Amino acid sequence: MNNFKLVLNLSLRNLWRQRRRNSILLVAITVAIGGVIVLNSLIRGMQVQMVDSVVENLSGHIKMHAPNYRDDPSMERGFVLDPRGVERAIEGLPVLGWAARISIPAVIMSERETRGATLIGVDPDQEHISIISRFELEGESLKSASDSRILVGRALVEELRTKLGRRIVITTLDSNGMSKEIGFRIAGVYDAESESFEKSLVFSGRNALQELLGSSKVTEVSIRLKTRYAQKEDFEQVRDSFLELDVLDWQQANPIVAFMYNTVNLVIYIWLGIVLGALVFGLVNTLITAVLERIREFGLFRAVGMRPRIIIAQVVSESVCLMLLGIVFGVTGSLLIFAWLHNGIDLSAFASGVEMMGMSSQMKPALVAHDVLVVVLVSVVLAVVASFYPARRAVRMNPLDALRH
Amino acid sequence: MTDAVVQLKDVTRVYGQGNVAVHALQEVTVEIYRGEFVCVVGPSGCGKSTMLHLIGGLDSPTSGTVTLEDQDLSTYSNNELSDLRLKRMGFVFQAFNLIPVLSASENVEFILQLQGVEPKDRKARALEVLDSVGLADAANRRPGELSGGQQQRVAVARALVGSPLLLIADEPSANLDSTTTRELCELLQTINREHRTTILIATHDSVVMSYSTRTIQLEDGKIRQADAA
Amino acid sequence: MLSVTVAWRNLWRNRRRTLLTAGAVGFAVLLVQLGMSFQAGSYEPMVEVSTRFSSGHMQIQRDDYSDDPRVERFVSDSTKLRGELLALPAINAVSSRTETFGLVTKDERSYGALVVGVDPLVDPSTSHLSEQVSRGTYLEDPNSAIIGSALARNLRVDVGDEIVILCSDVDGSVAFVAPTVSGVFETGNDTLDRSLVQVPRELINDALMLGDGAHRVVIMVDQPMLPDRSQGTIAPLVPPTASLLDWRELMPEISQSIRLDKISNGIVYGTLTVIVVLSIANTFVMTMFERTREFGMLRAVGMRNSSIFGMFLTETFLMWLLGVAIGYGLSTCALFPLINFGVGMDSMGMDQFAGLLFLPDRIYPAVDLKVILVAPISIGIGMVLSTMLASIRLYRLSLVDALRYQE
């Protein structure tokens, strides 16, 4: 313990003795650590946003369909909902809620134009789990699952050249595969963040749709958990309860987003490696110089009986102290930048580009404690490793040679 | 117009300010004439180095004037002083005299290059001057491979190669044994006699003093005793 | 030159330090070059692949068509326009397309789809769709159609079946065509496979009463990444009520994601460069301190400060040269096989998404002047600044202090 204090004291004084060059290195470490943390938080923010928007936009964490539905989305590929079965399957899971829906392709005709879209039948009481309950609306929302009016996106309303309160005609296939034309009154016009969402999805009451299409089936059940990511066991519990259905977690349901999500984890570590790799050069250089110019001093220490181990400890501790100081500055700096960016970075200039990647045009950084911890630990380990070679040089010379140096 | 190469008139040099001020030189007036071999002697801290630095234009006086061939050094710019040292003076220090990465002859050539001598002439002149200090054999060795005495001879060769008016040496014998010191002094004496090069040495080595034509004794920044010129 | 010799030998006075510093430069040059060459190699194929799905490099459309694509907003006399365009040297291919929304019906089933009329002999030069026909053949018969695989499945039609396409003509009255499915295509892009039908342009134009009109005149040029070059020559041919759009406007998601990618990578390269340059600056400052007395001696023997600074700069330059050589050496070793053989999307686990993200099957890193020069130049500038920073001391320190300096 006493030795430790001595070593620490010597290290700090030596760092201070060469404060000019150490301060330059300190800036480099600060930029590196701060840069890694800020960039990681941006990447994580992007990742979180991608997942959130997928989960929020109707996918949920766990989704089930009848087999073949994904190949041929139609009422024929629906299944009869057993609410009690669902409740049993999710028993004990941290479930925020679940929703049963009908989702089928449809052709929409106004008085003037015709467009293709997906018609979705929902129960508004269940949709607190999705974006549907958070639409900004002109007009009214659906009142219940039996509401036979329709919600249409702003962009689609403009393309159809119709407006709130008007009627539109929807052609779709009923449960026997027969074309059916149904008239709807537009109850509300919604604004979503994504234009393609607005153009491709229209919503009506689920029970009303079942009645109009002469079927009691639904085509999907979406389950949303209270946590951000679904646990594997939770997913398996649901999957094993519905062996006759196609049960997907959000990653299977959205392979591109899942791929990007997994790539991001890799990118974070590559980036960390690159930055710290660049830092090693400067660190080793400085430490070697610091050792060489004090060879006599070390020789003196050895001559008065200091053990080699303590000299190694001193060099290593100098390196670690410098790194820790850099970590303090870097983390503080990154927290300041984080606070500054907290409201998000406006990427609306790249709106369609970021939409293609499943992100929102407000990019919000997300600070993950685990990431910061990894950065801190890896850099401390690096400081130890980088100082080891110079430290060995300091003790390899015999005391007399060192004194004559 | 006098015969003096160097003139110091009421020269005072103070380092620092207030309580910590050190009066390195106080109202020193001295003249050094062409062809002299002058030793500035005195204990450490008496102002010897300061005097040499002032004469070499490395430092400037707090008050008083330093003139070289009747030119007041304070009227020179930094670059002009550099050129003056390059062309009119030669310097030899106690240690760290040579460029460690260059061989003996390259160290000499380097000065010639700075002086703007044609490349084809440099090599020959460098060898010639090394020969004159008895180091023709060591021309291709680097300073690290030379003894202390040899290094000082290379330094002298380098100082001489531009045929300077004045050769200034600051404790040149401090790291040398007495035999080597004698050899060095004899070399300097030969140069002094053959080329009429004025030599100014700061030293507290009696061997060196014995070669001088005149000594100036400094104590606490003042001249205690100066031989008549 | 002796001063270059001095500078070069000075580098080797501290071999380890020089190698570490040059190594840092090489490391940064290598990483930035690898990154940039992959970027450079992926953007153009990405544009090429994505534009060949449908948009082409450029299009001539009626001014108001992109805001609200109505069937009556067409460019007339498209065949004549095509001929004039093809006469321009920068243009490789031109194809006129008619486009409308239609209800595709087979028996009792009907789905909405984008119906595109193309000239079967011409369109394959602007689009890959003809190569993506997985069953049957491309449009060979004047009364044929090719449809997306998902749409075919949903409609339960196969090659040889007749489908009916309902749409509205220029007057707003209902029009229909009844072509036979000659082929089913599979692009890998869900939206296209689910909702695209192509028919011969003559067939749909007759039904819609469009004559020789086209909604999009699709143009392929020599250098899509530099659209400005060809735009000037095309502009005079564009009809007064129409305008010329390039792929950046037609597919903003592609050009924006390229820009976003460039910016975010720029931040990464910038940070890397700053860290490396700071390490170098630190080394230079250390060197300067160690050599204080040497510089004092050089000044005493008559060397000017500016010459000493020049020598220091020469050392920097040589070190830079060494580092860049290391970086180039490593990146050449790394890039040479990659440039020749490319990197398959499958090896990165991206093959299944290539179609959706508009990426080609293989990426070949591309090296251009920018890739080669950006890292060395920016690090070089950083090194010169570091040299200047370290040399402040040279000008500040008095000669006497320099000579007396004890390490």
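The model shown is predicted, which means the values in this text are computed figures rather than measured ones.

Participant: Describe the pattern of salt bridges, naming the residues involved and giving the relevant values.
Facilitator: This model, assessed by the stated rule, comprises 50 salt bridges over all chains. Between Glu36 of chain B and Arg214 of chain B there is a salt bridge, and its shortest N-O distance comes to 2.7 Å. With a gap of 178 residues between them, Glu36 of chain B in the loop between strand 2 (22-33) and strand 3 (37-41) and Arg214 of chain B in strand 9 (residues 214-219) connect regions that are remote in the sequence. Of the two residues, Glu36 of chain B and Arg214 of chain B, neither departs from the other in class, the shared state being buried. Shared partners join several salt bridges into a network, and the residues in it are Glu113, Arg115, Glu159, Arg161 and Lys199 of chain A.

Participant: I'd love a proper account of the domain arrangement of chain C, names of residues and values included.
Facilitator: Residues and elements named next belong to chain C. As far as domains go, chain C holds domain 1 (2-50 + 255-404) and domain 2 (56-249). Summarising the inter-unit geometry, the C-alpha centres of domain 1 and domain 2 are found 50 Å apart. With 9 residues of domain 1 at the interface, the matching set in domain 2 holds 9 residues. Buried area between domain 1 and domain 2, both sides added, is near 730 Å², and the carbon and sulfur share of it is 67%. Applying the counting criterion to the domain 1 and domain 2 interface returns 2 residue pairs in polar contact (both at pLDDT 80 or more). Secondary structure elements with two or more residues in the side of domain 1 that touches domain 2: helix 2 (15-55) and helix 9 (252-290).

Participant: Give a detailed account of helix 13 (residues 369-396) of chain A, specifying residues and quantitative values.
Facilitator: All names here are of chain A. Over its 28 residues, helix 13 runs 41 Å from end to end, which matches the ideal 40 Å to within 8%, given 1.5 Å per residue. Roughly 35° is the biggest bend found in helix 13, and it falls at Phe388, with proline Pro390 one to four residues downstream. Of the residues making up helix 13, those classed as buried are Asp371, Val372, Val375, Ser379, Leu382, Ala383, Ala386, Ser387, Pro390, Ala391, Ala394 and Val395. Summarising the contacts, the buried residues of helix 13 are in contact with helix 2 (19-59), helix 9 (255-292), helix 10 (295-303) and helix 11 (308-340).

Participant: Please provide a residue-by-residue account of the interface of chain B and chain C, values included.
Facilitator: Where interface size is quoted, it is often the accessible area lost as the parts come together. Taken together, the contacts link 30 residues of chain B with 21 residues of chain C. Summed over both partners, the interface of chain B with chain C buries about 2400 Å², with 64% contributed by carbon and sulfur atoms. There are 2 salt bridges connecting chain B and chain C. Arg9 of chain C serves as the salt-bridge partner of Glu106 of chain B, at 2.6 Å between the closest nitrogen and oxygen. Joining chain B to chain C, the criterion identifies 5 residue pairs in polar contact (both at pLDDT 80 or more). If you list the elements that add at least two residues to the side of chain B that touches chain C, you get helix 1 (48-55), helix 2 (78-88) and helix 3 (104-114) of chain B. Across the side of chain B that touches chain C, the residue classes tally to 15 nonpolar, 8 polar and 7 charged.

Participant: Please give an account of the side chain of Gln314 of chain A that cites residues and values.
Facilitator: Residue and element names in this part refer to chain A. Within the fold, Gln314 resides in helix 11. Gln314 sits in the buried class, given a relative accessible area of 1%. In this structure, Gln314 is in contact with Val7, Leu10, Ser11, Asn14, Arg294, Phe298 and Phe301, ignoring residues within four places of it in sequence.

Participant: Please set out the sheet that holds strand 5 (residues 71-72) of chain B residue by residue, giving values where relevant.
Facilitator: Residues and elements named next belong to chain B. Strand order in the open sheet formed by 4 strands is 2-1-4-5, and the pairing between neighbours is antiparallel. Edge strands, defined here as strands with exactly one partner in the open sheet, are strand 2 and strand 5. Strand direction decides the pairing type here: strand 1 (residues 4-15) and strand 2, joined by 8 bridges, are antiparallel. Looking at the pairing, Gln7 lines up with Glu31 of strand 2.

Participant: Would you mind going over the environment of Gln152 of chain B in detail, with residue names and values included?
Facilitator: Within the secondary structure, Gln152 of chain B is located in helix 5 (residues 148-160). A C-alpha to C-alpha distance of 9.1 Å links Gln152 of chain B and Leu176 of chain B, two positions 24 residues apart in sequence.

Participant: Explain the nonpolar core residue by residue, including any values.
Facilitator: Counting 126 residues, the largest nonpolar core has Leu8, Met51 and Ile55 of chain B together with Leu298 of chain C as the members making the most contacts within it. The element that contributes the greatest number of residues to this core is helix 9 of chain A, accounting for 14 residues. When near neighbours in sequence (up to four residues on either side) are disregarded, Leu298 of chain C contacts Ile99 and Phe110 of chain B together with Met303, Ile308 and Met311 of chain C. Among the nonpolar cores identified, the runner-up in size contains 40 residues, and Leu112, Val133, Ala155 and Val156 of chain B belong to it.

Participant: Would you mind going over helix 3 (residues 78-86) of chain C in detail, with residue names and values included?
Facilitator: Looking at helix 3 of chain C, one finds that the buried residues are Ser78, Leu81 and Leu85 of chain C. For helix 3 of chain C, the arc enclosing every buried residue in end-on projection is 60°, short of the 170-degree limit, so these residues lie on one face.

Participant: Describe the interface of chain C and chain A, listing the residues and the values that go with them.
Facilitator: Counting from both sides, the interface comprises 55 residues of chain C and, opposite them, 58 residues of chain A. When chain C packs against chain A, close to 4900 Å² is buried across both sides, 68% of that on carbon and sulfur atoms. Among the residues chain C hides against chain A, the three largest losses belong to Arg16, Phe101 and Ile275 of chain C. Together they make up 12% of the total. Along the contact surface separating chain C from chain A lie 2 salt bridges. One salt bridge in this structure joins Arg109 of chain C and Glu76 of chain A, with 2.1 Å as the shortest N-O distance.

Participant: Describe in detail the packing of helix 2 of chain A against helix 9 of chain C, supporting the description with residues and values.
Facilitator: Put simply, helix 2 of chain A and helix 9 of chain C touch, their axes get as near as 8 Å, and they point 170° apart. Judged by the inter-axis angle, helix 2 of chain A sits roughly antiparallel to helix 9 of chain C. Note on element contacts: helix 9 of chain C touches helix 2 of chain A through Ile267, Val268, Thr271, Val274, Ile275, Leu278, Ala281, Asn282, Val285, Met286 and Phe289 of chain C, opposite Arg20, Arg21, Asn22, Ile24, Leu25, Val27, Ala28, Val31, Ala32 and Leu39 of chain A. Residues that form the contact of helix 2 of chain A with helix 9 of chain C fall into these classes: 16 nonpolar, 3 polar and 2 charged.

Participant: Help me get a handle on the packing of aromatic side chains, residues and values and all.
Facilitator: Each pair of aromatic rings is reported with the distance of its centres and the angle of its planes. Going through the model one piece at a time under the given rule, you end up with 12 aromatic pairs over all chains. Each ring, one from Phe295 of chain C and one from Phe312 of chain C, has its centre 6.0 Å from the other, and the planes form 80°; the classification is edge-to-face. Here Phe295 of chain C is found in helix 10 (residues 292-300), whereas its partner Phe312 of chain C is found in helix 11 (residues 305-341), with 17 residues between them in sequence. Linked through ring pairs, Phe135, Tyr190, Phe197 and Phe203 of chain A together constitute an aromatic cluster. Positioned above the aromatic ring of Trp16 of chain A, the side-chain terminus of Arg19 of chain A is 4.7 Å from the ring centre. When the ring centre of Phe289 of chain C is taken as reference, the NZ or CZ atom of Arg393 of chain C above it lies at 3.9 Å.

Participant: Any chance you could break down the packing of helix 9 of chain A against helix 9 of chain C for me, citing the residues and the numbers?
Facilitator: Helix packing for two helices is described by the angle between their axes and how far apart those axes are. Relative to each other, helix 9 of chain A and helix 9 of chain C sit at 0°, their axes nearing to 10 Å. As summarised for this structure, helix 9 of chain A and helix 9 of chain C are arranged roughly parallel, according to the angle between their axes. Where helix 9 of chain A approaches helix 9 of chain C, its residues Trp271, Ile274, Val275, Ala278, Leu279, Gly282, Asn285, Thr286 and Thr289 of chain A are matched on the opposing element by Val268, Thr271, Leu272, Ile275, Val276, Ser279, Asn282, Thr283, Met286 and Glu290 of chain C.

Participant: Before we move on, could you go through a nonpolar patch on the surface and cite the residues and values that matter?
Facilitator: Among the surface-exposed residues, Ile339, Val367, Leu369, Ile372, Leu373, Ile377, Ile381, Val384, Leu385 and Met388 of chain C lie close enough to one another that they form a single nonpolar patch of about 840 Å² accessible area. Ranked by residue count, the leading element in the nonpolar patch is helix 13 (residues 369-396) of chain C, at 8 residues.

Participant: Tell me about unusual backbone geometry, and name the residues and values.
Facilitator: In this model, Asn68 of chain A sits at a positive phi of 75°, which is unusual for a non-glycine residue. Mapped onto the elements, Asn68 of chain A comes out in the loop between strand 1 (62-65) and strand 2 (79-80). Looking at Asn68 of chain A, the relative accessible area reads 46%, which means it is partly exposed. Although it is not a glycine, Glu171 of chain B adopts a positive phi angle of roughly 50°. As for its position among the elements, Glu171 of chain B is in the loop between strand 7 (166-170) and helix 6 (178-195).

Participant: Outline the pairing of strand 1 of chain B, listing residues and values.
Facilitator: Side chains on a regular strand alternate between the two faces of the sheet. Residues and elements named next belong to chain B. Counting the residues between successive antiparallel strands, the hairpin from strand 1 to strand 2 contains 6 residues, one of them, Gly16, with a positive phi of roughly 75°. Relative to strand 4 (residues 63-68), strand 1 is paired through 5 bridges, and the arrangement is antiparallel. When the bridges of strand 4 are listed, Val6 appears paired with Leu68.

Participant: Give me the environment of Tyr364 of chain C: which residues, what numbers.
Facilitator: All names here are of chain C. You can see Tyr364 is positioned in the loop between strand 13 (362-363) and helix 13. A residue is classified by how much of its surface remains accessible, and Tyr364, at 39% relative accessible area, is partly exposed. In the structure, Tyr364 is positioned 227 residues away from Thr137 in sequence and 32 Å away in space, judged by C-alpha atoms. The contacts of Tyr364, once residues within four sequence positions are left out, are Gly41, Leu338, Ile339, Asn340, Phe341 and Gly342.

Parameters at a glance
- Residues numbered from 1 in each chain as written.
- Chains lettered and ligands numbered in written order.
- Predicted model: local features only at pLDDT ≥ 70, side-chain atom pairs only at ≥ 80, totals over all residues.
- Heavy atoms only, no water.
- Salt bridge = Lys/Arg side-chain N within 4 Å of Asp/Glu carboxyl O.
- Helix = DSSP H or I, 4+ residues; strand = E, 2+ residues; numbered from the N terminus.
- Buried < 20%, exposed > 50% of the residue type's maximum accessible area, 1.4 Å probe, protein only.
- Domains from an automatic or database assignment.
- Contact = heavy atoms within 4.5 Å.
- Buried area = accessible area lost by both parts, 1.4 Å probe.
- Polar contact = N/O pair within 3.5 Å; in protein donor to acceptor, adjacent residues only side chain to side chain.
- Expected span 1.5 Å × (residues − 1).
- Bend = angle between axes of the 7 residues up to and from the residue.
- Nonpolar A, V, L, I, M, F, W, Y, C, P; charged D, E, K, R; others polar.
- Pairing = 2+ DSSP bridges.
- Core = buried A, V, L, I, M, F, W, Y, C linked by side-chain atoms within 4.5 Å.
- Arc of directions from axis to C-beta.
- Axes fitted to C-alpha atoms, helices over the stretch in contact; angles between N-to-C directions.
- Parallel < 35°, antiparallel > 145°, perpendicular 65-115°, else oblique.
- Phe/Tyr/Trp six-rings, centres within 6.5 Å; stacked < 30°, edge-to-face > 60°.
- Lys NZ or Arg CZ within 6 Å of the ring centre and 35° of its normal.
- Patch = residues over 30% accessible without salt bridge, like charges linked within 9 Å, V, L, I, M, F, W, Y side chains within 5 Å.
- Areas by Shrake-Rupley, 256 points an atom, 1.4 Å probe, with all protein chains shown as cover.

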